[in-house]
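Structure assessment
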Amino acid sequence: MNVLPWLIITPLFGAFSMPVISLLGGKFREHWVVIVSGLTLGIAAKVFYTIWKSNEILVYTLGDTNPIGNGVKFPIRIIWEVDLFGALLALTITFVSFLAILYSLEYMKHDTGLDKYYTLTLVLELGMLGIVITGDIFNFYVFLEIMSIASYALVAFRNDTWEGIEAGVKYMFVGSLASSFILLGIALLYGQYGTLTMAYLAMKIAENPTLISKVALAFLVGGLLFKSGAVPVHMWLSDAHPAAPSSISAMLSGLVIKAGGVYAIARIIFGIFNPGLHSYLKAFDMPALNLNTLGWIIIFFACLTLVIGNAMAVVQNDMKRLFAFSSVGQIGYILLGFGIGIVAYGDKIGEIALTGAVYHIVNHAVIKGLLFFIAGAVIHQVGTKNLNELSGLARRMPFTTLSFIIGAAAIIGLPPLNGFASKWLIYESSAMYNPILAVIAVIGTVFSLAAYTRVLFTFLGVESEKVKMVKEPGNAMIVPMLVLVIIILVMGILSWQISDKIMLPTAKMLEQLNGEYIMALLKFMGGG
Amino acid sequence: MFGYWDALYFIYAFIIGLLISYLLMKWAEKASVGTRKEGDGSKIYISGEDQDKVIPQFEHLQGYFTGRHVMWGFIRGINKMFLTFRREHTGLLTDYVSYLLITVAIVLGAMVIWG
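Heads up: these notes are all about the structure in this document.

About the cut-offs
- Residues numbered from 1 in each chain as written.
- Chains lettered and ligands numbered in written order.
- Predicted model: local features only at pLDDT ≥ 70, side-chain atom pairs only at ≥ 80, totals over all residues.
- Heavy atoms only, no water.
- Helix = DSSP H or I, 4+ residues; strand = E, 2+ residues; numbered from the N terminus.
- Rg over C-alpha atoms; globule rule 2.2 N^0.38 Å.
- Buried < 20%, exposed > 50% of the residue type's maximum accessible area, 1.4 Å probe, protein only.
- Contact = heavy atoms within 4.5 Å.
- Areas by Shrake-Rupley, 256 points an atom, 1.4 Å probe, with all protein chains shown as cover.
- Lys, Arg positive; Asp, Glu negative; His and termini not counted.
- Charge placed at Lys NZ, Arg CZ, Asp CG, Glu CD.
- Pairing = 2+ DSSP bridges.
- Salt bridge = Lys/Arg side-chain N within 4 Å of Asp/Glu carboxyl O.
- Nonpolar A, V, L, I, M, F, W, Y, C, P; charged D, E, K, R; others polar.
- Polar contact = N/O pair within 3.5 Å; in protein donor to acceptor, adjacent residues only side chain to side chain.
- Expected span 1.5 Å × (residues − 1).
- Patch = residues over 30% accessible without salt bridge, like charges linked within 9 Å, V, L, I, M, F, W, Y side chains within 5 Å.
- Axes fitted to C-alpha atoms, helices over the stretch in contact; angles between N-to-C directions.
- Parallel < 35°, antiparallel > 145°, perpendicular 65-115°, else oblique.
- Left-handed = near helix turned anticlockwise from the far one by under 90°.
- Core = buried A, V, L, I, M, F, W, Y, C linked by side-chain atoms within 4.5 Å.
- 1 Å grid on protein atoms, 1.4 Å probe; cavity = no way out; pocket = protein on both sides within 12 Å on 5 of 7 lines; lining within 4 Å.
- Points joined across faces, edges and corners; volume = space filled by probe spheres on them.
- Phe/Tyr/Trp six-rings, centres within 6.5 Å; stacked < 30°, edge-to-face > 60°.
- Lys NZ or Arg CZ within 6 Å of the ring centre and 35° of its normal.

Further remarks concern the overall build of chain A. When its secondary structure is counted, chain A shows 21 helices and 2 strands. Its C-alpha atoms give chain A a radius of gyration of 22 Å, within 12% of the compact-globule value 24 Å for 528 residues. Considering only C-alpha atoms, chain A reaches an extent of 70 × 60 × 40 Å along its principal axes. Counting only residues that meet the buried cut, chain A has 67% of its 528 residues in that class. Pairs at least 24 apart in sequence give 80% of the contacts found in chain A among residues at least 6 apart. Total accessible area on chain A stands at roughly 17,000 Å², and carbon and sulfur atoms take up 67% of it. Counting 31 positive and 28 negative side-chain charges, chain A places the averaged centre of each group 3 Å from the other.

A word on the pairing of strand 1 (residues 58-61) of chain A. Residues and elements named next belong to chain A. Here strand 1 shows a clear split, with V59 and T61 buried on one side and none of L58 and Y60 buried on the other. Of the strand pairs in this sheet, strand 1 and strand 2 (residues 79-82) are connected by 4 bridges, and their pairing is antiparallel. Its bridge partner lying in strand 2, Y60 is registered against W80.

We now examine unusual backbone geometry. Trans is the common state for peptide bonds, and a negative phi is the common state for residues other than glycine. All names here are of chain A. Cis geometry is adopted by the peptide bond preceding P232, which originates at V231 and carries an omega value of 10°. Residue placement: P232 occurs in the loop between helix 8 (211-228) and helix 9 (235-243). Its identity as a non-glycine residue notwithstanding, D285 has a phi of 60°, on the positive side. Assignment of secondary structure puts D285 in the loop between helix 11 (275-283) and helix 12 (291-314).

With that out of the way, let us pick up the interface of chain B and chain A. Counting from both sides, the interface comprises 39 residues of chain B and, opposite them, 57 residues of chain A. Our count for the contact surface shared by chain B and chain A stands at 0 salt bridges. Mapped onto the side of chain B that touches chain A, the elements with two or more residues apiece are helix 2 (67-77), helix 3 (79-88) and helix 4 (93-114) of chain B. Of all the elements, helix 4 of chain B adds the most residues to the side of chain B that touches chain A, at 15 residues. Residues that form the side of chain B that touches chain A fall into these classes: 28 nonpolar, 7 polar and 4 charged.

Bringing the environment of A:K227 into the picture now. Residues and elements named next belong to chain A. Residue placement: K227 occurs in helix 8. Judged by its relative accessible area of 5%, K227 falls in the buried class. Taking C-alpha positions, K227 is 9.3 Å from A259, a pair spaced 32 residues apart along the chain. Beyond its immediate stretch of four places on either side in the chain, K227 contacts L144, E145, S148, Y152, G175, A178, S179, I182, W236, I257, G260 and G261. Within polar-contact distance, the side chain of K227 engages the side chain of S148 at 3.1 Å.

Let us now look at helix 12 of chain A. Taking 1.5 Å per residue, 24 residues should reach 34 Å; helix 12 of chain A reaches 35 Å between its end C-alpha atoms and fits that length. In terms of burial, helix 12 of chain A is a largely internal element, 20 of the 24 residues being buried.

On the surface, B:L8, B:Y9, B:F10, B:I11, B:Y12, B:I15, B:I16, B:I20, B:L24 and B:W27 cluster together into a nonpolar patch covering about 1,100 Å² of accessible area. Along the chain, B:L8 turns up in helix 1 (residues 7-33).

The next point concerns the packing of helix 8 of chain A against helix 10 (residues 246-272) of chain A. Residue and element names in this part refer to chain A. Helix 10 packs onto helix 8 with a crossing angle of 155° between their chain directions and a minimal axis gap of 8 Å. As summarised for this structure, helix 8 and helix 10 are arranged roughly antiparallel, according to the angle between their axes. Remark: the crossing between helix 8 and helix 10 carries left-handed chirality. Contacts between helix 8 and helix 10 involve L217, L220, L224, L225, K227 and S228 from the former and I257, G260, G261, V262, A264, I265 and I268 from the latter. Classifying every residue of the contact of helix 8 with helix 10 gives 9 nonpolar, 3 polar and 1 charged.

Counting residues in each nonpolar core, the largest one holds 223 residues, and the members touching the most others are A:F140, A:L336 and A:F338. Every residue in contact with A:F140, bar those within four places of it in the chain, is listed here: A:I131, A:T134, A:I182, A:M198, A:L224, A:A264 and A:I268.

Using a probe with the size of a water molecule, rolled over the atoms, empty space left in the structure can be pinpointed. Residues and elements named next belong to chain A. Under the defined criterion, the tally for this structure stands at 3 cavities of 30 Å³ or more. Of the pockets and cavities examined, the second largest cavity occupies roughly 40 Å³. Lining the second largest cavity, in full, are M147, S148, Y171, F226, K227, W236 and V256. Taken together, the elements giving at least two residues each to the lining of the second largest cavity come down to helix 5 (137-155) and helix 8.

Here helix 3 (residues 84-107) of chain A contains 24 residues, and its C-alpha end-to-end distance of 34 Å stays within 8% of the 34 Å for a straight helix at 1.5 Å per residue. Burial analysis of helix 3 of chain A places 23 of its 24 residues in the buried class, which makes it a mostly covered element.

Attention now moves to the packing of helix 3 of chain A against helix 4 (residues 114-133) of chain A. All names here are of chain A. Running from N to C, helix 3 and helix 4 cross one another at 170°; their axes reach a closest spacing of 9 Å. Between helix 3 and helix 4, the crossing angle belongs to the class labelled roughly antiparallel. Contacts between helix 3 and helix 4 involve G86, L89, A90, I93, T94, S97, I101, S104 and L105 from the first element and Y117, Y118, T121, L122, E125, M128, L129 and V132 from the second.

For the rest of this paragraph, the subject is the side chain of A:S326. All names here are of chain A. Position of S326 relative to the elements: it lies in helix 13 (residues 319-343). Residue classification places S326 among the buried positions, given a relative accessible area of 1%. Those residues within four positions of S326 in sequence are excluded, and the remaining contacts are G309, N310, A313, K368, I411 and Y452.

Pairing between side chains of opposite charge can happen when the charged atoms of each approach one another. All names here are of chain A. Across all of its chains, the model carries 13 salt bridges over all chains by this definition. R158 serves as the salt-bridge partner of D111, at 2.9 Å between the closest nitrogen and oxygen. Of the two residues, D111 is situated in the loop between helix 3 and helix 4 and R158 in the loop between helix 5 and helix 6 (162-193); the sequence distance between them amounts to 47 residues. Salt bridges here are not isolated pairs; linked through shared partners, they connect E166, K170, D239 and R321.

We now examine the packing of aromatic side chains. Residue and element names in this part refer to chain A. By the definition in use, this model includes 27 aromatic pairs over all chains. With a centroid separation of 6.0 Å and an interplanar angle of 75°, the aromatic rings of F13 and W32 are classed as edge-to-face. Of this pair, F13 sits in helix 1 (residues 6-22) while W32 sits in helix 2 (residues 26-54), and the two are 19 residues apart along the sequence. Note on F85 and Y263: the rings are 4.9 Å apart at their centroids and 40° apart in plane angle, and the pair reads as tilted. Residue F85 is located in helix 3, and its partner Y263 is located in helix 10; the two are separated by 178 residues in the primary sequence. Each member of the pair, F85 as well as Y263, carries the same accessibility label: buried. Grouping aromatic residues by their ring pairs yields a cluster made of F323, F372, F404, Y452 and F459. K423 extends its terminal NZ or CZ atom over the ring of Y333, reaching a point 4.5 Å from the ring centre.

See the structure below:
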């Protein structure tokens, strides 16, 4: 049995059954949401394992067995096309979401409207899952909007504070505008090439690369840079992520900007506008797009992002805002990896850069999940996220502080933690491609170090009045943090094994030197 | 496997870093003492901040050289940059929209001209 559709059906059913389940009581609702998200994690693990084992792209047609229409020779049905990159993202999304839901059981205990909260959380999860498995560009847009609308609502979930409402409204306004650019890009591609299937679109664009396709690509990338939180379109992120409940901040910073941002950029560039395909065409003097330009555009925004994001983190007094700016900075590293992956396509350097970027997506999801859980624990127990009031927390919350030290060291990129391995690959590839890029990347890390040292300095200071009576949170909050700490340590110790066995094959499948993404569809069309 | 690093290199770098810090401290001590062995003249102003100054809530660190000295030089040295960055973060929705339009325009312009 193909389990892929259950990856969407399970959270969708879980979300829409939530109002009915809630009638049976709060405890039942909590058990239900944990079971649903746990089941989704199991399905994602199965999908990932299947693809990893076979090293083949999984294609699933909605409502039929074949994407090709009756009487025509091209795909007309919606397909889901999952490669290792999509499957890895799905596994990461379900894992962090499961922990966030587990964490919410205690963190959100004193809130009302929890049926809506859990419904939106599952909708957010399924939106992200849809993005990473779809092979249809309009279907991608639908899932992107599902994810975005759930995010807007969750940012403004706590409507007793103006911070959440203001951030949610601003996020919604500008987010909708960015979505419009993405939709415009999709409409232009559909108008020009008459198909929405990504792999088929890749073939049609390669056959006839027009000005329209360039404009469409620009709109798509422009809109998705916003969704990634790249500088200078990152300001919504530093408002929205701190304003949301911490469990949601972990999902927003750890997952949403990846699935709806950097993943989507990589999928569109490598899946639809494959640089290899166009350089091949150019070698034969045929009309082709110059994807190097796009690679440099992404590198340009990446450098801005990693310097400004991390630098802004240094001057924050709000702990969650500091973490949010740090997320902006880390997105810079991922974009830098993808940018170098494009300009050095087909080269060893490009492969290292892509591996680093893919690896850093997973690492950052885990690390930032932990850091926002820590921020949540501090807010839950102390009642403030102002760093000036949190001095001396280490004595009262030793586990939380230790977790923070590990999380901070990992995100700065200290060996032997997981953040080091991925950052090292990005530094290495950028140094090999252009040393100036490596210097910029290291400057970003220096800012990151300064920002996190400040928090550490606060935690280790003399006890302030505010923290004198606090204690560690309950187990439902401790366990997700502990799991993430263990994951960070294990991923750090086994970093090169993970890099070789998982990240490198994933990067290769994303890069698709032999056009695997197109070939998977061609099998249905009598080719391949 | 690609990508190369060796934990030993980090230990070497750390030891060299410590050595440089020690030499710097000794040099600063010698340079600042002048003709006297005691009093304010003997203080090392690595960062321009007095290491004997009591920082509220950090009394236990009094008399030590802390990370603040490094942070001080780093943050103070590029203070203008931070101010510029902060000034741009207005929190105004109109600015967010402007930046989005500028970003899309940059990508669009570059792609149309060089793409």
